[in-house]
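Architecture and fold: a report
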Amino acid sequence: TDFSVFMSAVIDHTAFRKIAGYIDAMQASPDVDILVGGTYDDSVGFFVQPTIGVTRDPNFVTMREEIFGPVLTCYVYPDDKFEETLELCNSTSPYALTGAIFCRDRYALMHAATVLRNAAGNFYINDKSTGSIVGQQPFGGARASGTNDKAGSSLNLLRWVSARSIKENFLPLNDWHYPHMAAEK
């Protein structure tokens, strides 16, 4: 294993073809400018060059779907449309695996984190969104991205049990009042 390699091949031919299809859609669209990458090669392995595109369409397919490969699509929103853009992030996709916000304004950060509380199972603030680290971050995706728990997390146990409380009184009930309901003396 060569640990100096930052980006390796994608997992299999099915994933390769799917990711290549997203890149092809980006290249074919007049609404997307590819800034970096945009190539792929399966002659030896399933290699996809890391690709970054900028779209003018916030509903472009790569903004709505999960892509398990090195493809990033950016949308630059107008400065005066922050609230509308947050709603767009919250409602554009049925998926909610990972999200991030980069900002210097603390109020804007906290507001975005609140508005987007259901938009990502892993939410990063001013940090790279690399995905959760098993054993360190317990949550996975939300919505169509998963159940918000990870294997190995104690939270995963709650997926398989139904909590139940049982209270038993060994003394006969002589009154329906609770002690706090008694008249003050």
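Residues numbered from 1 in each chain as written. Predicted model: local features only at pLDDT ≥ 70, side-chain atom pairs only at ≥ 80, totals over all residues. Heavy atoms only, no water.

Glancing now at helix 4 (residues 106-115). Taken as a whole, helix 4 has its buried residues at Ala108, Leu109, His111 and Ala112. Those residues of helix 4 that are buried lie in contact with helix 3 (82-91), strand 7 (98-101) and strand 8 (122-125). (Buried < 20%, exposed > 50% of the residue type's maximum accessible area, 1.4 Å probe, protein only. Helix = DSSP H or I, 4+ residues; strand = E, 2+ residues; numbered from the N terminus. Contact = heavy atoms within 4.5 Å.)

Evaluated as defined, the whole model comprises 1 salt bridge. A salt bridge links Arg56 to Asp33, with the shortest nitrogen-to-oxygen separation between them at 2.8 Å. Placement of Arg56 in the loop between strand 4 (51-55) and helix 2 (61-64) and of Asp33 in strand 1 (residues 32-36) is noted, with a sequence separation of 23 residues between them. Judged by its relative accessible area of 39%, Asp33 falls in the partly exposed class. (Salt bridge = Lys/Arg side-chain N within 4 Å of Asp/Glu carboxyl O.)

This part takes up the sheet that holds strand 5 (residues 71-75). The strand order across the open sheet formed by 3 strands is 1-4-5, and the pairing between neighbours is mixed. Since the sheet does not close on itself, it has two edges, and those belong to strand 1 and strand 5, each with one partner. Averaged over all pairs of adjacent strands, the angle between strand axes in this sheet comes to 25°, irrespective of strand direction. Across 5 bridges, the pairing between strand 4 and strand 5 is parallel. (Pairing = 2+ DSSP bridges. Axes fitted to C-alpha atoms, helices over the stretch in contact; angles between N-to-C directions.)

As a further point, take the nonpolar core. Membership of the largest hydrophobic core comes to 13 residues, with the highest contact counts inside it found for Val10, Ile19, Val48 and Val71. Broken down by element, this core gets its largest block of residues, 6 residues, from helix 1 (residues 13-28). Once residues within four sequence positions are removed from consideration, Val71 is found in contact with Ile19, Ile23, Met26 and Thr51. Among the nonpolar cores identified, the runner-up in size contains 6 residues, and Leu86, Ile101, Ala112 and Ala119 belong to it. (Core = buried A, V, L, I, M, F, W, Y, C linked by side-chain atoms within 4.5 Å.)

Moving on to the layout of surface pockets. Over the atoms, a rolled probe matching the size of one water molecule traces out where space is still vacant. Of the voids in this model, the largest pocket is the one considered here, and its volume is about 2,100 Å³. Leu72, Thr98, Gly99, Ala100 and Ser129 are the residues nearest the centre of the largest pocket, which is lined by 45 residues in total. Of the residues belonging to the lining of the largest pocket, the class tally is 29 nonpolar, 11 polar and 5 charged. (1 Å grid on protein atoms, 1.4 Å probe; cavity = no way out; pocket = protein on both sides within 12 Å on 5 of 7 lines; lining within 4 Å. Points joined across faces, edges and corners; volume = space filled by probe spheres on them. Nonpolar A, V, L, I, M, F, W, Y, C, P; charged D, E, K, R; others polar.)

On to the environment of Leu72, then. Note on placement: Leu72 falls in strand 5. Owing to a relative accessible area of 46%, Leu72 belongs among the partly exposed residues under this scheme. In this structure, the C-alpha to C-alpha distance between Leu72 and Pro50, residues 22 residues apart in sequence, is 8.2 Å.

Once that is clear, we can look at a negative patch on the surface. Together, Asp79, Asp80, Glu83 and Glu84 line one region of the surface with negative charge. Among the secondary structure elements, Asp80 is positioned in the loop between strand 5 and helix 3. (Patch = residues over 30% accessible without salt bridge, like charges linked within 9 Å, V, L, I, M, F, W, Y side chains within 5 Å. Areas by Shrake-Rupley, 256 points an atom, 1.4 Å probe, with all protein chains shown as cover. Lys, Arg positive; Asp, Glu negative; His and termini not counted. Charge placed at Lys NZ, Arg CZ, Asp CG, Glu CD.)

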